Each structure stands twice: as C-alpha cells, then as structure tokens.
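# Analysis of the macromolecular model
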Amino acid sequence: MATEQLHATAGSVAPGDAPEPRPAMGSRVPGLNSRVLVVGRGTYVGDLSLPGMLHMALVRSIYAHALVKSVDASAAQALAGVVCVVAGDEIRQNTKPIPQAYTKAGIGAHAYDWYALAHDRVRYVGEAVAAVVAEDKYTARKAAELVEVEYEELPVVSDAERGMAPDAPLIEPAWGTNVVMQRTTEVGDVAGAFAAADGVVSGCLSTQRYSASPMEPRGYAAVYDAFRDQLTLWASTQCPHPLRHYIANIIGIDESRVRVIQANVGGAFGSKIPTYQEEPLVAYLARKLKRPIKWIEERSENLLTGGHAREQKVHFEAAYKRDGQVIGLKARIVADVGAPSALAGWEMSLVTNFCIPTVYKIPNCRIELFPVATNKCPWNAYRGYGKETASFLMDRIMDDVARATGIDRAAVRMRNYIQPHEFPYQQVSGVILDSGNYPGAMRKLLDLVGYAEFPKLQAEARAEGRRIGLGLGQELVAEGCSLPTSLLIAGYDGATVRVNPSGQVTVLTGVTSPGSGNETAIAQVAADTLGVEVDAVRVIQGDTETCPWGLGNYSSRAVIMGGSATYMAAGDLREKILKVAGHMFEVLPADLECRGGRIFPKDAPTRYLAFNEVVRTIYNDTFGVHAKEIEPGLEATRYFRHPNIYQEGDPEGRSSAYPSWPNAVVGAIVEVDPATGALKLLRVCMVHDCGVVVNPMLAEGNVHGGIAQGIGGAIYEHLVYDENGQFKTATFMDYTLPTAVEIPPLELAHQETRSPFTPLGTKGVGESGVAAILGAICSAVENALPELDLRLLEMPLSPERLWRAIQDAPRKRADDGAGSARS
Amino acid sequence: MIIQEFEFRAPDKLGEALAVLAEGGDDIKLLSGGMSLMPMMALGLVRPRMVLSLNRIEGRGYVRDDRDALRVGAGTRHYEIIRDPLIARHCPLLAEAASFIGDMQVRNRGTIGGSLAHADPAADYSPVLVTVGARVVVRSRRGEREIAAEKFFTGLMATALARGEIVTEVVVPKLGAARGAYTRLHRIEGNFAIVNAAAVLNDANARIALGGAGPVPIALDVSAELSHGVTDDALAAVGRRVRAACGDAPADLNASADYRRQMAAVYAERALAIAAGRTPARHAAEMGRKAAASASTQNKPAAGTVGGALRTAIAIAVNGQPRRLEADNRMVLADLLRDVLGLTGTHIGCGTGSCGACTVMLDGRTVKSCSVLAADVDGCAVETIESLAPDIQHLHPLQESFVRNHGQQCGYCTPGMVMSALQLLRDNPNPDEAAIRHGISGNLCRCTGYQFIVNAISDAARALAAGKPPPAA
Ligand SMILES: Cc1cc2nc3c(=O)[nH]c(=O)nc-3n(C[C@H](O)[C@H](O)[C@H](O)COP(=O)(O)OP(=O)(O)OC[C@H]3O[C@@H](n4cnc5c(N)ncnc54)[C@H](O)[C@@H]3O)c2cc1C
Ligand code: FES
Ligand code: FES
C-alpha cells in the first residue's frame, strides 16, 4: 500500500487544517428549508404554471422488443387541443444521442446511442416512441393513446443468464453479445487458498429488481425565449450543470443560452442523476413550438421507465480456516441490467465487483463480472449503487462460515476485519479505504442491541410461542464516486461564498440537494468557518445561471465535496476579514478568533468587534487605512478535489474511483411466523460511521430513510416482468413500499473515524442504511429458527418465499453446517 | 389521470338515480366512496360514459337497530362502521374487518355498499357478511329485493346485481351469544389481504368464510369438525377441509394458488381459535372502545349541478373561502386545488389512491384528493395544508413539531402527512407509537424511514396536551 504517495497527494488539506469543534457543526440545527416545506410552499416542477403552457405526453412501447414499422399520428393530430406529435425520425434528424456518463471504451464496455425517442426499434416495454403536445394534460394523454404504432415483434431476452447463452437473441446485434462488458479481477493465490482451506461454503445469492420510487415522480418544464435565444429548463434533477451541458449538446444550442433550474426535488435517491429521454424532448419541443411545455411523470411511468436496479445473481465460494478466517473467495456476478441506454445504471454491477470483500481482509479473491443486457427497463442509479450487493454477499458468507465453524457470528466478523491501524487500506480491487474502526463499531452495536442478553429474551419469547431472532449485517458504502472521462461523475466540486455588505452570508454551491437537507450542513460549515450564526447564512443551489459549475448530488458527495469547497472558500474570506480586523485591533490575525458574529483577540474575548463592523469597513472604506492592503470584495470561489482518487492505476493497473468509505453495522430483531412466513421487524439498531458528523439530526434522518429503503428491498419491494418482458408492477398496489407500520423503531449510534483526506473529516451519509439491513434480516430469521438449517439467499423475503424456505429447510443435526468441512 | 371524458350526474334522490340508471344503458358507473372506482378510472381500466354519484343522496349512511338484525346503509363509510356503537355491540367482527381496510383516508371515504358491489375476492367485509348470514338489499325501478350475502358474490368481481340495481342496505343479523373473529394475512398494511378469514361459533354451530382463496368468499359450516370443542385435532380437520375447498385459489404477484390454499387453512384455524377464546361481551367492549361518539359527516345537499355536460358547476368552501367553479368532469379534487386554485401544497405522488401525498380534509375528514372527483365535492368544505399556517412565523403546533423533530426531508409527502397527523390527533389526542404508525399508514414517505415523523407527532401530541390549544377543529 502506497501510503507515502497518498500523503503527497493529500497536499494542503492535511488533517491539522480542520477547525476546532464549534457551535454549529455537530449540532442538531433544524433544516433551513423545513419551515417552507412543512407549510406546503416548496416549489416542485409540477407546481409551475407558465403562461401559455402546453403539456407533453408520451407514446410508449407496449412490447419488450420490436421493430417500429410506422407511427401514424393522424387520429391524434385531429383531436382538438393537440398542438403537435413528434416521432423518432424527427428526433433522429434534429438531435444528437443522449451523452453517456463516461466513455465506455476505456473499460472495454459496449455503448449505445440512445436518442430522446426510439426510431426503428424498441427494446423494453415503456421505451418512448412518440411525444404528443397539447393544450392540457388530459388531451395530451388522450391523444397519446390515439397514436397508432405498428410493431413487428422480435424475440425477447427476459433473463440475464439465458441472455448469455450463445443462441440467445441479441438486443444490440452490433455488439455480437448481450454481455455489456466482462471483467475478471484476480488477486493472490486463489487456487492455493482453496487447497489450504479447512472448508468451503458456497451458494448463489440473488437480489431482485427494484426501484428508487421517490415520492415525487420526474418532471420537467421548459420555456424558450426566441428573441433572446434563451432556453430555461426547470427540472426535478440531481445534476443541473451537467444536464445543461447535455441538453445544449443534444438539441444543438449554445450552452451559455441554456439555464437549468433545479426546482424543489421530492426525493431522488440516485434516480434523478442522469439525463433521460424526457428532458431533451421537453427542451426540443419548447424550442420548436416556442411555447412553454411541461411534462410530469405518472407513477406508473416512473415504475415502468424511471430506472430499475439491483437484479443480480452472485455465485460464490468462500474458503475458510477452522478458526473462522476466510482465506479465499470466488464470486461470479451476473447482473440483469436491462436495455442499453445512457442512464447511469449498469455500472452499479461494477461497483459490486470492486467493493468485494468490503470490510474484510481476504487476500485471495477471484471476482468475475457479467452485466447482461435484457429487454427490461434499463438500470439506473439507485441508492446503494451496487455496494449493497457486495455487503450483502459478505454478510451471508460470514454467517455461513460462522455456522460451518460453530463460531459466533460477531466473532467471525471480528476475526476477518481490516484493523483500525491498517488504514488507508488498499482493498483487493485496488480501491483505497480511507478510515474506519470496524471492531469498535461492532462492539458498540453488540451493546446497543443487547447481543449478549438476547438468548434469554429469545428463550422467554419461545416459551410464549413466539419466534424471535437477532441478526447482524455490515455495510461498506463507497462514496464520492469519480469516473475517468466523465463530465457527470467526478470527485470534485465548487462553492462560492459571499459575505454581503450587511454581514449576511450567501453560499452558492455546485452541489445540490435532492431534498435531503445538505444545504443546512453546508450553512453550518460556512457559519463556523466565518464565525457567524447559522441564521446569517443562506445557501443557494441548483441554478446554473447563479451557482458555480458543479456536478450536483450523488454518491453522498454534497457534504464531502460541497462542504469542503465551502470550507475552503469561507476560509479565504475569513483570512481577509481577520487581516483587516488585525489591523483594527493592532494584533496579528493569527491571534484573533471569530465566533458568534464577533471578532476578538484570543486572549481578550471581551474586547471584540462585531463581524458586521469589520465587513462594513471592507466594503465602505476600501481605500481606508484598515482595508487598503486587501483585495476589495468579500467573495471567493473555491473547488475541492478529493485527494483519495486514483485514476492512473497502481502497478497492477488497479485504479480507485471512490475516495470515501463510510460504514455501518446493524443488529435487527425480527419475529417470524413459521406457519405463514410472515415477518415482523421488532427493532433495528445501527452503529454508523460517516466520519465527522456535521448535523447529527440530518444525518440520522438520512440513515433512517436508507434503512427503510433497505427494509423495502429485503421484504416488500419487487419489480416483476413475465417471460415476454411484460411489466407486472406498475402501481403502488403491486410495488409495495413499506408504510410506517412495517418500519420498526430505528435506533442509531454514531462512531466517528475522521477521513484523513477531507478538511473537515467528513465521509458522506447519503447511501448509508440500505445495505446492512439485508444481511441482518436474513441472519435474524435464521436465528429465529435454530432447529432448521435455513439459509436465505434469495430476496425479497415475501411471506410465501420465506414460508417455502421454511418448508424446504432440512431439520438440523447438531453438528451439521453449511460448509463441507474437510478433514 | 382520467383521460376519457364522461358525463357526471349526482341526483339527490335515490328514485332519480334509479331512473338515470334504468334509462342510461350499460356504461354508467355508480360512484360511492370511489376508493375502488377512481383508481380504476385513473388507470384507464374502467371508462364509463357516465358516472352517477350517490353521494348527494341524503341519509345513505346509517346503522339502525331492527329487532334481531342491524340495518346498515350502503353509503355508510368504513370509519363509521368502526365507530358505530350498535355494530360494536351486535357484530363486532364487522368493525374488526373494517379496521383492516386500506388506511385512514380510504376508511374515511369508502363505503360498505361500494365494497360489496366491487366484490374484490379479498375484500375485508365479504367473509364476515357471508359467515354471519347477512342479506344485501338492492333496489331498482322495478322494486326492492334481498339477496343472501352468500349468493350475492357470483364470480371474480361479479355479483348478483342485475342491470339497473343499486345496493341500498345490508342487513346484518345480531350475533347474540355467538362469538366471532376476523383476521387476515397481508403483505403491507393498506393493501388487500392475501387471504382473510371470518369465524362465528356458538355452542352448536360453527361457520367460517375465507376470502382471497377463490373467486368468491368460501363459506363452510364446520360444526361437525368442532362438535367436540375447538381442539388442535378439530382445527387440523378444519384446515384439511379448507384446503380441499380452496381448489380455485387465484395466483398473483403476492402469492401462488398453493400458498393461498395453505394460508386459508392457517387463517381459518386462527379465526376459529380467536373466536373460541372470546366471550361476546369482551369482544363487544373491545370494539366499543374504538367506537368514538363523533357525529358522522354526510355530504350536504347539492348546490347545483349542471346535468349532462362534460363539465360540472360546483360550489365549495376551500379553507373557509366560498368558491364557485366549473370543473372538467375528469378533474379530481387534487387537480382542482392545484391547477385551478393554485393551492400546490397538496401533492400528487401516485394518482391512484396509494400514497397519501394528496391528503386533504373533506368535510372534516381526510381523503385522498387524487381519488375524489372535483364534480363530486359540490357543497363540501375542503381544508388543505395551506389552511394551517397564515405565515412562516406562525406554524401550526404540529408543523412546528415536524420542523423541530426533522419530520420532513424532501417535503413531498409532508403536507399529506401533516393532514393525516391532524386527523389522527383529532380522533385520538394521546396516541401511542403503534397508533401513530397505524394512523399514518396511508401516507408513504420515501425519505425519512418514518421515525422522525412518528417522533414529531407524539411530540406534538404532548405539546398540545400540555395546554396549548387543540388542533384547529
Ligand atoms: C389504497 C387502498 C387500499 C384498499 N385496501 C382495501 C383492503 O385492504 N380491503 C378492502 O376490503 N378494501 C380495500 N380497498 C377498497 C375499499 O374498501 C373501497 O372502499 C371499496 O372496495 C369500494 O367502496 P367505495 O365506496 O369506495 O366504492 P366505489 O369505488 O365508489 O365503487 C366500487 C364499485 O361498486 C359500484 N358501486 C358503488 N356503490 C354501489 C351501490 N350502492 N350499488 C351498486 N354498485 C355500487 C361502483 O360502480 C364501482 O363499480 C382499498 C382501496 C384503496 C384505494
Ligand atoms: S394517494 Fe393521491 S396521489 Fe397518491
Ligand atoms: S420527506 Fe420525502 S417523501 Fe417524505
């Protein structure tokens, strides 16, 4: 591990730069936008009404795979109120394909030119074939039904493993295969490890297809001002600046003439990162028709086409020693990534690949990856981004090894952890884990959940005829993603901090909020760095006309990148302000402190100047004796580039796309009804490490949400296709999100290991919670039924699936294990 | 979104409705609570030429004591059944079944008559009505007839209703000394059951009915099996009979036919075991506690409906302001509030009654405004989130509590969540954690994991109890 090199790259942001703990940071400041949201005055795209506004509706493919022979819009055109209908040909002629998030050739992946409308072929049910614009939304949708599309059906690939067969129909004939890319990572001596093992556990893990399902579906509204040649697009997006660049490219307009405004976003969870077909369509049509156009997605469209995730199988074998140490691992990942597109989706399987073996030291690993295109909705970014499957896999392996060796589940994990002194630690795939204290977090969790006392509770419950179990789960959540050659996904971001003449602070960031409240954390950073109250800080995000270039929010980057950039920019201003204040006090700036809106000598806090007074001096007395030595103005823009990213590759050619590695361990207690397979979660406890916590209340809220989505994925949510690629779960009656009744009380504790690579020690929190719960629930169910040799590897744990697993599970013999113990 | 135009009629006399129905032909849909019809129309699965609302007809919701039976008006809403003291005393398992239906907003709006006519194979009322031997009263221009509940359901979502007939009443025999129970298995709260079961037994007789396990409720007389008491062997014998009787169990995404058959047996046994463990008096008392003495709300008489056309004139009070408007019949209340009145605090998350983002108060109780036709709220009072805070400094105590406890993140579910919390605290000022979770189960939140919402509501309840004024009534 090249520790030397790391420190060299870390450069000026050495750990010592961090400010001392101060009032705003670390405290439970209520969300800055909460009051507005709780009175219903948020402005989401759907709330916009523009003079003369038209409405768009889409004609979507009813087949999973078909040639589009013709599109006949005459009946639709004839309907009163219909303004225009466009089909694929027009889009093909007048626009460019939606840009890929990064150049695929670099990693040997196939790419696909995805246009805003399909023109000759559709590759999944729901792919957009034509767009209708009408005076009102009812007419638009009605007309969309009247557009007659003639299809010729093609053979369908509805399963990844079948799609890999040599005789499978091809989704992209030009590729000659359905496998998007193939990658094998091998480190150490895998064959040797398996030969030296005391035993091997093996199985096939399978996770189902599911969806982000933000409560606000997607929505876009565009206005084109022909006289100024200016296009304004309001979007429910996570990434306004990249979207602006892409829109300019796709529809052929100068980037400087496009303004993207991120309205309030009603949740995103990754699904609103990339550019879909609808944004360029709305923009194109607004420009073509010179009238405002709005498109608001219906829930059924969101479930059908808003991006899917996670349908993967992982075939695994793990070699262990009698003492519980895992010495070798083979994994073969087959991901059902849906139809090729420009969404940021199939790459999630790559992330699964390189997060393995997560928090454990397993020196000998062979990991094969096969993302396979199918005739289903394309994968798109979703919270967890593939990390959850890696963590889930390792949890299942640890439980298998515990069972096979007879060692306690926590102890097996302890035996295999990377130790706290070993950070930064280079994991087998080449990624560099920044910091962590996994044994420390586990010990805290065991206390929190009452691990030692649980068998007694379990026995008492059993005496009452109730079957309860406790399970453990662990997650390692790579954050701050940075992909080579990507405009959209990169490990840096910027912020402008402006101290206004009256002393209030405006922060403009390149990072945005999907409704998670990161603006509050950023305000706290600015407030503490400048020594003012949080109330004095306003944060503006998401407008490409006013905010500095930035990549928006994903991969929990808002506080890591945006918070750090804000800290740097505010730090520059603080320096200027202290210089002037020093002059006023006749002391060295280094001997001054600013806090709570006051500036004072460290040794004489009662002799203070108001922050506003110094600011006023800088603005109003620019040529005066105190301010004349500094450059006028109190505005700074800084960019933070995360130093723990390696694109070049180490001697083995391994790069590291993720700089930040929050982690968590979960204890879940469930009650199982063996007669029905119904599960009830009784408690979920989590010890969570996201480095320095800027706002514990916001961080906890985020993690709670992550856990709830994880629970949804473990038990309730499942997107289903039939063998013809027809979609079966287009409403919330079928795709069942958990309600407040299904989610149990959630208990959290923080464990703080600072990141040595960020000025504030933060690591990111946005995706935490979704992964560890998967393993924890499986583990808990198995624990609740100790008399059965139950091994849960197939998700979700719907009542029927669990009931069948219980029916099929062999009764355990006392000495039986999952592994084939060798003598 | 409903995209097909339709005519809307809302007569205020049953006779008039019967006449319209008799003359109007086949593609007229009756509208009661709309909790089944509206989602189907929004998804385009049902496209009637005319919607004939029954909501303007006065006196459709009632429970009356009639010697050895209760007479329940077809327009009685689910929440009224849960709270009715007569039902609690004489047929508590009907209230028990009602309390499982959907969520608070669905129970506030949906009606027993609509549920019967819709005849979903897993509906909660059906097995109860079949086991207790209820009779369905239907009226047409030709007159009135009574159909035994067991005969009423004739096939998958099919009933014995003839053309031109309207369900007007359900006659529910009093249980007397018999004991009853209702229980069900479901995937998530607020969704239809996978299977459900009702049981009624007294010293001589035992009857059960299973829902979700066939196209219609499956009723069995299990007196013989239980002739020596409710023993494990007897229950096992019942289980065997149930499995044999459920050969036609449907398969869908929630469950295979085989699983349904097996679960029908499990739930039949459970319902019997619960019923056997009950004494009638205790059960009645349990349900009676839930029956609060609040006056039920009826729709007010029509202020004036434009018949026939594709638009309807309505007069409503929104947040205390009287408004006269004309709405496209396809418009739902959420659209009226958002697109016409600019009250965009009411959000749309699904449009099919499943998420609660659109929750508002209609005549003082929460409903999902995406699943109520604008044309159908003529004469009603609507309260939206905008009514709770005059400005950003003066939030409702519940809203202050949300802010303090971080009960919102993206804010999309929040207005609906606050409205549901308001309803919950009006009904039960001192809810425990389980009651809070149950009370907001009609409101999905994807951001918060609900914990801080639950904290916010219980904190608000404490704050309100500690002397601050009660939530605005
Ligand atoms: C989210 C959600 C969850 C739900 N969960 C459950 C559940 O768990 N269990 C359950 O049982 N139900 C559930 N329901 C359905 C609910 O119970 C409905 O209220 C009920 O099925 C229909 O009653 P309604 O009054 O709303 O009828 P409507 O929707 O108005 O009408 C339903 C049908 O009956 C016809 N109809 C209505 N009234 C009459 C009448 N008097 N005479 C003849 N025909 C009539 C209508 O034309 C229509 O075809 C749920 C609904 C929703 C939206
Ligand atoms: S319930 Fe009305 S929008 Fe979802
Ligand atoms: S706060 Fe975002 S959905 Fe509830």
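Everything numeric here is computed off the predicted structure, so don't read it as measured data.

Analysis parameters
Residues numbered from 1 in each chain as written. Chains lettered and ligands numbered in written order. Predicted model: local features only at pLDDT ≥ 70, side-chain atom pairs only at ≥ 80, totals over all residues. Heavy atoms only, no water. Helix = DSSP H or I, 4+ residues; strand = E, 2+ residues; numbered from the N terminus. Buried < 20%, exposed > 50% of the residue type's maximum accessible area, 1.4 Å probe, protein only. Contact = heavy atoms within 4.5 Å. Areas by Shrake-Rupley, 256 points an atom, 1.4 Å probe, with all protein chains shown as cover. Lys, Arg positive; Asp, Glu negative; His and termini not counted. Charge placed at Lys NZ, Arg CZ, Asp CG, Glu CD. Pairing = 2+ DSSP bridges. Near = heavy atom within 4 Å. Polar contact = N/O pair within 3.5 Å; in protein donor to acceptor, adjacent residues only side chain to side chain. Phe/Tyr/Trp six-rings, centres within 6.5 Å; stacked < 30°, edge-to-face > 60°. Lys NZ or Arg CZ within 6 Å of the ring centre and 35° of its normal. Axes fitted to C-alpha atoms, helices over the stretch in contact; angles between N-to-C directions. Salt bridge = Lys/Arg side-chain N within 4 Å of Asp/Glu carboxyl O. Nonpolar A, V, L, I, M, F, W, Y, C, P; charged D, E, K, R; others polar. Disulfide = S-S within 2.5 Å. Domains from an automatic or database assignment. Buried area = accessible area lost by both parts, 1.4 Å probe. pLDDT = per-residue confidence, 0-100. Core = buried A, V, L, I, M, F, W, Y, C linked by side-chain atoms within 4.5 Å. Parallel < 35°, antiparallel > 145°, perpendicular 65-115°, else oblique. Left-handed = near helix turned anticlockwise from the far one by under 90°.

Secondary structure summary: chain A contains 21 helices and 28 strands in total. Its C-alpha atoms give chain A principal-axis dimensions of about 90 × 75 × 55 Å. Taken over 823 residues, chain A has a buried fraction of 66%. Taking all contacts inside chain A whose residues are at least 6 apart in sequence as the whole, residues at least 24 apart take part in 80%. When the accessible surface of chain A is totalled, it reaches about 27200 Å², and 50% of it is carbon and sulfur. Between the mean site of the 78 positive side-chain charges and the mean site of the 94 negative ones, chain A shows a separation of 2 Å.

Bringing the pairing of strand S14 (residues 218–221) of chain B into the picture now. Residue and element names in this part refer to chain B. Side-chain alternation along S14 places Ile218 and Leu220 on a buried face and Ala219 and Asp221 on a face that remains uncovered. Pairing geometry for strand S13 (residues 206–211) and S14, over 4 bridges, is antiparallel. Directly across from Leu210, in S14, lies its bridge partner Ile218. Between S13 and S14, which follow one another and run antiparallel, lie 6 residues, and Gly212 among them has a positive phi close to 80°.

Turning next to the site of ligand 1. Residue and element names in this part refer to chain B. Lining the immediate environment of ligand 1, one finds 32 residues, of which Leu30, Gly34, Leu37, Thr111 and Asp124 sit closest. With respect to ligand 1, the backbone of Gly33 contributes an N or O atom lying 2.8 Å from an oxygen atom. A distance of 3.2 Å separates an oxygen atom of ligand 1 from a polar atom in the backbone of Ser115. Burial of ligand 1 by the protein amounts to 97% of the accessible area it has alone, namely 960 Å². Breaking the shell around ligand 1 down by element, the ones donating at least two residues are strand S2 (28–31), helix H7 (112–118) and strand S10 (166–173). Looking at the shell around ligand 1, the element that brings in the most residues is H7, giving 4 residues.

A complete count under the given rule lists 14 aromatic pairs over all chains for this structure. Their ring planes at 85° and their centres at 5.0 Å tell us that Tyr44 of chain A and Tyr412 of chain B sit as a pair that is edge-to-face. Here Tyr44 of chain A is found in the loop between helix H2 (34–38) and strand S1 (54–60), whereas its partner Tyr412 of chain B is found in the loop between helix H14 (397–405) and helix H15 (414–427) on a different chain. The exposure class of Tyr44 of chain A is buried, given its relative accessible area of 1%. A residue is classified by how much of its surface remains accessible, and Tyr412 of chain B, at 7% relative accessible area, is buried. With a centroid separation of 6.2 Å and 65° between ring planes, the pair formed by Tyr658 of chain A and Trp661 of chain A is classed as edge-to-face. Residue class for Trp661 of chain A comes out buried when judged on its relative accessible area of 0%. Note that Arg598 of chain A overlies the ring of Tyr608 of chain A, its terminal NZ or CZ placed 3.8 Å from the centroid.

Quick look at the sheet that holds strand S19 (residues 381–383) of chain B now. Residue and element names in this part refer to chain B. If you trace the 5 strands from one edge of the open sheet to the other, you get S16-S15-S19-S17-S18, paired in mixed fashion. The open sheet has two edge strands with one neighbour each: strand S16 (321–328) and strand S18 (365–368). Across this sheet, the average inter-strand angle for adjacent strands is 40°, counted without regard to direction. Judged from the 4 bridges that link them, strand S17 (residues 359–362) and S18 form a sheet pairing that is antiparallel. Bridging across to S18, Thr359 finds its partner in Lys368. Lying on the sheet, H15 is in contact with S17, S18 and S19; it crosses S17 at an angle near 45°.

The next subject is the interface of chain A and chain B. In this complex, chain A contributes 76 residues to the contact, which on the side of chain B involves 73 residues. For the interface between chain A and chain B, the tally reads 9 salt bridges. Joining chain A to chain B, the criterion identifies 35 residue pairs in polar contact (both at pLDDT 80 or more). Those elements giving two or more residues to the side of chain A that touches chain B turn out to be H2, helix H5 (137–146), helix H19 (696–716) and helix H21 (799–808) of chain A. With 11 residues, the top contributor of residues to the side of chain A that touches chain B is H19 of chain A. Each residue belonging to the side of chain A that touches chain B can be placed in one class, and the counts come to 37 nonpolar, 20 polar and 19 charged.

The next thing to look at is the state of the cysteines. Evaluated as defined, the whole model comprises 0 disulfides over all chains. The cysteine Cys355 of chain A is free of any disulfide, with Cys481 of chain A supplying the nearest cysteine sulfur at 9.8 Å.

Residues and elements named next belong to chain B. With respect to burial, helix H8 (residues 125–132) is a largely interior element, 8 of its 8 residues being buried. Three or more residues of H8 are buried, namely Tyr125, Ser126, Pro127, Val128, Leu129, Val130, Thr131 and Val132. Among the residues trailing H8, Gly133 stands out with phi positive, at a value near 75°.

Turning next to the domain arrangement of chain B. Put simply, an interface is often sized by how much accessible area is lost when its parts join up. Residue and element names in this part refer to chain B. Once the domains are mapped, chain B shows domain 1 (7–55 + 295–383), domain 2 (63–287) and domain 3 (390–465). The C-alpha centroid of domain 3 is placed 27 Å from the C-alpha centroid of domain 1. Here domain 1 meets domain 3 over a buried area of about 1100 Å², counting both sides, of which 47% is carbon and sulfur. Across the domain 1-domain 3 interface, the total number found is 2 salt bridges. Residues Arg426 and Glu383 are paired through a salt bridge, measuring 3.6 Å at the closest nitrogen-oxygen approach. Broken down by secondary-structure element, the contributors of at least two residues to the side of domain 1 that touches domain 3 are S17 and S18. Here the residues of the side of domain 1 that touches domain 3 are counted per class, giving 5 nonpolar, 8 polar and 3 charged.

Another aspect to go through is the confidence of the model for chain A. Residues and elements named next belong to chain A. When pLDDT is averaged across chain A, the result is 93; 96% of the residues are at 70 or more. Contacts from residues 1–21, a stretch scored under 50 in pLDDT, to residues over four places away or in other chains number 27 contacts. In this model, residues 815–823 is a region of pLDDT below 50 whose contacts with residues beyond four sequence positions or in other chains number 23 contacts.

Turning our eyes to something else, we now look at the nonpolar core. If you look at the biggest cluster of nonpolar residues, it comprises 228 residues, and the most contacted ones within it are Ile711, Ile777 and Val781 of chain A. In terms of residues, this core owes the most to one element, helix H20 (residues 772–784) of chain A, which gives 9 residues.

In a pair of packed helices, the angle between the axes and the distance between the axes together describe the arrangement. All names here are of chain A. Where helix H12 (residues 387–405) contacts helix H13 (residues 409–416), the axes come no closer than 9 Å and their chain directions differ by 115°. The angle between the axes of H12 and H13 places the two elements in the roughly perpendicular class. Here H12 runs over H13; the crossing is right-handed. Contacts between H12 and H13 involve Asp395, Met398, Asp399, Val401, Ala402 and Thr405 on the former and, on the latter, Arg409, Val412, Arg413 and Asn416. Of the residues in the contact of H12 with H13, the class split is 4 nonpolar, 2 polar and 4 charged.

Our focus in this paragraph is the side chain of Asn644 of chain A. Residue and element names in this part refer to chain A. The topology assignment puts Asn644 in the loop between strand S25 (635–641) and strand S26 (663–673). Reaching out from Asn644, the side chain makes a polar contact with the backbone oxygen of Ile432 at a distance of 3.1 Å. Here the side chain of Asn644 touches Pro659 through a polar contact of 2.9 Å, landing on its backbone oxygen.

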